[in-house]
Amino acid sequence: MPKSKETNIIFITRKIPEVAKKLLYEEGYAIDLWDKEEPPTYEELIQRCQKADGLISMLSDRMDEAFFRACPHLKVIANYAVGVNNIDLEAAAKNNIPIGNTPDVLTEATSDLALGLILNLTRKIVPATQNAKQGEWKKWEPLGFLGMELKNKTLGIIGMGRIGQSLAKKAQNGFGMNIVYSSRSQTKEIDPSFKRKTLKELLQSSDIVSLHTDLNPSTRKLIDHKEFEIMKKHAYLINTSRGEIINQEALVKALQEGLIEGAGLDVTAPEPLPLEHPLFQTPNTLITPHIGSATLEARNLMATLAAKNIIAGLKGLPLPAGL
Ligand code: DGY
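Residues numbered from 1 in each chain as written. Predicted model: local features only at pLDDT ≥ 70, side-chain atom pairs only at ≥ 80, totals over all residues. Heavy atoms only, no water.

**Student:** Tell me about the packing of helix H5 (residues 107-122) against helix H7 (residues 162-175), and name the residues and values.
**Tutor:** For the pair H5 and H7, interaxial distance at closest approach is 8 Å and the crossing angle is 50°. In terms of orientation, H5 lies oblique with respect to H7. Between H5 and H7 lies a crossing of right-handed hand. Residues Thr107, Glu108, Thr110, Ser111, Asp112, Ala114, Leu115, Ile118 and Leu119 of H5 form the contact with H7, whose participating residues are Arg162, Ile163, Ser166, Leu167, Lys170 and Phe175. In terms of residue class, the contact of H5 with H7 is made up of 7 nonpolar, 4 polar and 4 charged. (Axes fitted to C-alpha atoms, helices over the stretch in contact; angles between N-to-C directions. Helix = DSSP H or I, 4+ residues; strand = E, 2+ residues; numbered from the N terminus. Parallel < 35°, antiparallel > 145°, perpendicular 65-115°, else oblique. Left-handed = near helix turned anticlockwise from the far one by under 90°. Contact = heavy atoms within 4.5 Å. Nonpolar A, V, L, I, M, F, W, Y, C, P; charged D, E, K, R; others polar.)

**Student:** Describe the layout of surface pockets, listing the residues and the values that go with them.
**Tutor:** Estimates place the volume of the second largest pocket at around 280 Å³. Taken together, Ala128, Asn131, Ala132, Glu136, Trp137, Lys138, Lys139, Trp140, Glu141, Pro142, Gly144 and Phe145 make up the full set of residues lining the second largest pocket. Tallied by class, the residues present in the lining of the second largest pocket amount to 6 nonpolar, 2 polar and 4 charged. (1 Å grid on protein atoms, 1.4 Å probe; cavity = no way out; pocket = protein on both sides within 12 Å on 5 of 7 lines; lining within 4 Å. Points joined across faces, edges and corners; volume = space filled by probe spheres on them.)

**Student:** Give me the lowdown on unusual backbone geometry, citing residues and values where you can.
**Tutor:** The omega torsion across Ala269 and Pro270 is 0°, close enough to zero to call that bond cis. Note that Pro270 resides in the loop between strand S11 (262-265) and strand S12 (285-287). With an omega of -5°, the peptide bond between Glu271 and Pro272 qualifies as cis. Along the chain, Pro272 turns up in the loop between S11 and S12. If you check the backbone angles, Asp104 has positive phi at about 70° while not being a glycine. Position of Asp104 among the secondary structure elements: in the loop between strand S5 (99-100) and H5. Look at His290: it is not a glycine, yet its phi comes out positive at around 50°. Position of His290 relative to the elements: it lies in the loop between S12 and helix H11 (296-314).

Take a look at the structure:
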């Protein structure tokens, strides 16, 4: 669209579902879309944001104090993610920039993926698939690929927000699992059949531990050497939140030494995880490339919500999903 002097410019740092553009165009905004395969570097991000009024950012875009100082023109940021650990929220507040995210709309997608990792690991689906594909399926094996049933097993959920509770319901209602959880805050209205525990009690009693907490100074390396020491030897660790919540060196050691049975990781530190990283060589480890919210349904709703956050912010209204 031809840009008049007052037209607001929205910088979108990656291609996202078209619905976002449609909503922004309807408001008469101009869109500056980063359409390369590689995300913008920090410098490129700043350069483009110096001319932008609104920004739809990805979780891989870093926005720190220097970024906000360099982009005084910016009026609102809509992060295309529920997690906002890529943004210095204090610096944003100091610069009066409202920040939006995408809660709720990716809850089911992410808890589905956590369940997918659990089922894949406990039933050895990936190695069994490889076995069949590589011509090793010669006969039916009475003792081959023996896994663990979920019924009556204990699922420990660390961080009982929306995604944690969604997983808890699916695991309890669909698979007959017992649910325990640990949470820093007493979240309201948690189903009383889910039992609250200290982190230590949870780790000691769970057959599967799933991480659903946000990344902040108190959760960085929350799962470290001493946590692996107290987990059950046959336990699995699932992470669909942020890689930094686990000390990965400690995880590699725990997997190599059999302190736990396996791990399902949708998130790592860094991302992408370099191919030579020892985690790719550890036994019973599944690594997916941060696909927690990767469903058509979730991504369309995320794009819609991000656009609505931008529109509200530029009109000086409270963001529909503001922090
Ligand atoms: C988020 O939105 O924070 C998720 O990690 C995306 O999958």
